[in-house]
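Structure at a glance
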Amino acid sequence: GRNCLTDFHGLTLTRDKLNSLVRKWHTMIEAHVDVKTTDGYVVRLFVIAFTKRRQDQVKTNCYAQTAQIRKIRKKMVEIMTKEAGTVQLRDLVKKLIPESIGKEIEKQTQ
């Protein structure tokens with residue numbers, strides 16, 4: 001009676017958190033990928049990214065061009081498959097909670 005077996009079901013953003021991220025004059029880039037972990041689970045990962053204004057930027061908007069968006073999305077999918085395809089599901093959940101995959105994507109797509 002002291003042990004409890006649990007299974008990871010999902011992790012999502014709430015509607016108010018997602019709405020607080022979306023801003024005018026910025027480009028929103030979304031990507032998703034189905035990855036098979038080393039222990040056989042197929043996980044569908046969704047990533048959302050936004051462009052950021054530079055320190056010395058004068059223009060009010062910071063839109064990304066379509067070719068830039070495609071490159072960023074390709075890099076996001078590549079990082080997600082590399083990070084999630086080489087670990088077990090429990091290790092993947094431990095990576096998702098402190099947003100280490102998101103920080104890696106931000107570092108790679110500067």
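First, a word on what this report is: a plain description of the structure on this page. Note that the structure is predicted; figures quoted are calculated from it, not measured.

Here is what the cut-offs are and how they apply
- Residues numbered from 1 in each chain as written.
- Predicted model: local features only at pLDDT ≥ 70, side-chain atom pairs only at ≥ 80, totals over all residues.
- Heavy atoms only, no water.
- Helix = DSSP H or I, 4+ residues; strand = E, 2+ residues; numbered from the N terminus.
- Expected span 1.5 Å × (residues − 1).
- Buried < 20%, exposed > 50% of the residue type's maximum accessible area, 1.4 Å probe, protein only.
- Arc of directions from axis to C-beta.
- Contact = heavy atoms within 4.5 Å.
- Pairing = 2+ DSSP bridges.

Its 20 residues place the ends of helix 2 (residues 66-85) 28 Å apart at the C-alpha level, agreeing with the 28 Å of an ideal helix rising 1.5 Å per residue. When helix 2 is considered as a whole, its buried residues turn out to be I69, M76, I79, M80, E83 and A84. Looking straight down helix 2, one finds that the buried residues subtend no more than 110 degrees of arc, so they occupy a single side. Facing away from the buried side of helix 2, by more than 90 degrees, are the exposed residues R70, K71 and K74. Structurally, helix 2 contributes buried residues whose contacts are with strand 1 (28-36), strand 2 (42-50), helix 3 (89-96) and helix 4 (100-108).

Burial along strand 2 is one-sided: the face carrying V43, L45, V47 and A49 is buried and the face carrying V42, R44, F46, I48 and F50 is not. Inspection of the sheet shows strand 1 paired to strand 2 by nine bridges, in the antiparallel sense. Bridge pairing links V35 to V43 in strand 2. The antiparallel hairpin formed by strand 1 and strand 2 contains five residues in its connecting segment, where G40 sits at a positive phi of about 95 degrees.

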